[in-house]
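Descriptive analysis of the structure
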Amino acid sequence: MSTTTAPQADTETAPQLVGETAPGGAFKRQENAFRDRITADGSSGYKAEPGRYHIYVSLACPWAHRTLIVRNLKGLEDVVSASSVDPIRDERGWAFRESADGSHGPDPVNGFRFLSEAYLATDPAFKGRYTVPAVWDRKTGRIVTNDFHTIPSQLETEFEAFADRSVDLYPEGLRPEIDAVNRMVYERVNNGVYEAGFATSQAAYERAFDTLFAALDELEGRLAGQRFLAGDKVTDADVRLFTTLVRFDAVYVGHFKCNLRRLVDYPNLWGYARDLYQRPGFGETVNFDHIKRHYYQTHDKINPSRIVPKGPAVDWLSPHDRDRLG
Ligand SMILES: N[C@@H](CCC(=O)N[C@@H](CS)C(=O)NCC(=O)O)C(=O)O
């Protein structure tokens, strides 16, 4: 499906993330450092309890965004606290700073100035990027987990005693199907846009590009006859795809060069994304200002001018007609 011809000499450029670029220019994401789990019965050492945990997020970050949506959908806003860092990140990593509109502010839990302080309080020898989401435990004074793969399912299943149990984002009977679609969506779409954007050679970029758009074509077909990715209600799988789709036209098309098609060019994916956006729990967690300023003003290797595009004009509130699918 490639639409360009690779230049004859496929030279590599400087990576945005040093240490996470394989020979040949492909982006290889670092492992998540902290992978303890919160459990309902406390058998892991981290019991699900109201007021105990705090999630450090960036409203710009798709991996952190998942956790906010799940927390809202499960009615856990008063059980697990959350706060956002400043979307602009420099070589010191994420920082806690005041904002004029209150969308980010000082660290309400520890008074840290930088997220790095939470990582180094947990492991003074930590080497790596200081990433969001990170779940802080007030009781032990450490990060329990920064594993963005599993934080959503911990919120979905371990806090049932305090959550809205009428919402089941990870129903037992659908788990194999949800896990399978999540794997495909993670590898080819969620992480696929990063593999295109962070590639440092033409060949690695084109491979990621082709993989991404083939996956979007498959998802477009899947969503032609069903309203959601798995079953007939919103599940964990929809949350995970949504956070990439909502960033697609605003950032990934331009900044990550994922420009074969825009989201608005896919009738089913675009209708599906609006259907989710317009539901409680989704649209209210989207902050396009953080999203655009973060990507365009943080990745200096990709956008040295740091200019943030003004567009696109996209109407997320226009009717979607997905109710016809039940
Ligand atoms: N924890 C994961 C994924 C989470 C992640 O990459 N979050 C980004 C924001 S979307 C981040 O916090 N990056 C900080 C940095 O690159 O310094 C990882 O280590 O790759």
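Because the structure is a prediction, the values reported are computed rather than measured.

What about the nonpolar core?
Membership of the largest hydrophobic core comes to 94 residues, with the highest contact counts inside it found for Leu216 and Phe248. No other element matches the ten residues that helix H7 (residues 236-252) contributes to this core. The two domains that each donate at least three residues to this core are domain 1 (53-157) and domain 2 (172-283). Not counting residues up to four positions away in its chain, the partners in contact with Leu216 are Val189, Leu245, Phe248, Tyr266 and Leu269.

Quick word on the UniProt feature "domain: GST C-terminal" (unreviewed entry) in the chain
As annotated in UniProt, the feature "domain: GST C-terminal" (unreviewed entry) corresponds to residues 156-298 in the numbering used here. Helix and strand shares over residues 156-298 are 59% and 0% respectively, and the end C-alpha atoms of the span are 31 Å apart.

What about the side chain of Arg66?
Relative to the assigned elements, Arg66 resides in helix H1 (residues 62-73). Excluding residues that lie within four positions of it along the chain, Arg66 makes contacts with Phe148, His149, Pro152, Tyr186, Asn190, Val239, Arg240 and Thr243.

Thoughts on the packing of aromatic side chains
Each aromatic ring pair is described using two quantities: the centre-to-centre distance and the angle formed by the ring planes. Under the criterion given, the structure shown has 29 aromatic pairs. Between Phe34 and Tyr119, the ring centres sit 5.6 Å apart and the planes meet at 45°, which makes this aromatic pair tilted. Of the two residues, Phe34 sits in the segment before strand S1 (53-57) while Tyr119 sits in helix H2 (residues 116-122), which places them 85 residues apart along the sequence. Its relative accessible area of 8% is what places Phe34 among the buried residues. A residue is classified by how much of its surface remains accessible, and Tyr119, at 0% relative accessible area, is buried. Arg89 extends its terminal NZ or CZ atom over the ring of Trp94, reaching a point 4.8 Å from the ring centre. Lying across the ring of Trp270, Arg274 places its NZ or CZ 4.6 Å from the centre.

Focus: helix H4 (residues 175-190)
For H4, built from 16 residues, the straight-helix expectation of 22 Å at 1.5 Å per residue is missed by more than 12%, its first-to-last C-alpha distance being only 19 Å. Taken as a whole, H4 has its buried residues at Ile178, Val181, Asn182, Met184, Val185, Tyr186, Val189 and Asn190. Looking at the buried residues of H4, the elements they touch are H1, helix H5 (192-197), helix H6 (202-222) and H7.

Re unusual backbone geometry
Only a minority of non-glycine residues have a phi that is not negative, and only a minority of peptide bonds are not trans. A cis amide bond, omega 0°, links Val132 with the succeeding residue Pro133. Mapped onto the elements, Pro133 comes out in the loop between H2 and strand S3 (134-137). Put simply, Gly311 and Pro312 share a cis peptide bond, and its omega is 0°. As for its placement among the helices and strands, Pro312 is situated in the segment after helix H9 (288-298). One non-glycine residue, Arg306, lies in the positive phi region at around 60°. If you check the backbone angles, Asp321 has positive phi at about 65° while not being a glycine. Position of Asp321 among the secondary structure elements: in the segment after H9.

Description of the domain arrangement of the chain
Many structure descriptions define interface size as the accessible area lost when the parts assemble. Assigned domains of the chain: these are domain 1 (53-157) and domain 2 (172-283). Summed over both partners, the interface of domain 1 with domain 2 buries about 1300 Å², with 59% contributed by carbon and sulfur atoms. Viewed at the interface, domain 2 and domain 1 are joined by seven residue pairs in polar contact (both at pLDDT 80 or more). Those elements giving two or more residues to the side of domain 1 that touches domain 2 turn out to be H1 and helix H3 (151-157). A per-element tally of the side of domain 1 that touches domain 2 places H1 first, with eight residues.

Structural notes on H9
The buried count for H9 comes to eight of eleven residues, which makes it a mostly enclosed element. Looking at the buried residues of H9, the elements they touch are H1, strand S2 (81-84), H5 and H7. With a side-chain oxygen positioned 3.1 Å from the backbone nitrogen of Asp289, the residue opening H9 is Asn287.

The rules behind each value
- The residue numbers shown here count from 1 along each chain, following its written sequence.
- In keeping with the predicted nature of the model, local features appear solely for residues at pLDDT of at least 70, side-chain atom pairs appear and are counted solely at 80 or more, and the whole-chain, interface and lining totals rest on all residues.
- Heavy atoms from the whole structure form the basis of all side-chain values; hydrogens and water molecules are not counted.
- Within this scheme, the nonpolar core is defined by two criteria: the residues are buried Ala, Val, Leu, Ile, Met, Phe, Trp, Tyr or Cys, and they are joined through side-chain atoms within 4.5 Å.
- With a 1.4 Å probe rolled over the protein chains alone, any residue whose accessible area is under 20% of its type maximum counts as buried; one over 50% counts as exposed, and the rest are partly exposed.
- Starting at the N terminus, helices and strands are each numbered in turn, a helix being any DSSP run of H or I of at least four residues and a strand any DSSP run of E of at least two.
- The domain boundaries here were taken from an automatic or database domain assignment.
- What makes two residues a contact is simply this: any of their non-hydrogen atoms within 4.5 Å.
- UniProt positions are given in the numbering used here, feature names are shortened, and annotations may be inferred rather than shown by experiment.
- Each Phe, Tyr or Trp ring, with Trp reduced to its six-membered ring, pairs with another whose centre is within 6.5 Å; inter-plane angles below 30 degrees give stacked pairs, above 60 give edge-to-face pairs, and intermediate values give tilted ones.
- The criterion is that NZ of a Lys, or CZ of an Arg, lies within 6 Å of the ring centre and within 35 degrees of the ring normal, and then a charge sits over that ring.
- One fewer than the residue count of a helix, multiplied by 1.5 Å, yields its expected span.
- A simple way to read buried area is as the amount of 1.4 Å-probe accessible surface that goes missing from two parts once joined, with both sides added.
- Polar contact is the term for a pair of N or O atoms within 3.5 Å; when the atoms are in protein, one must be able to donate a hydrogen and the other to accept it, and sequence-neighboring residues count only if both atoms are side-chain atoms.

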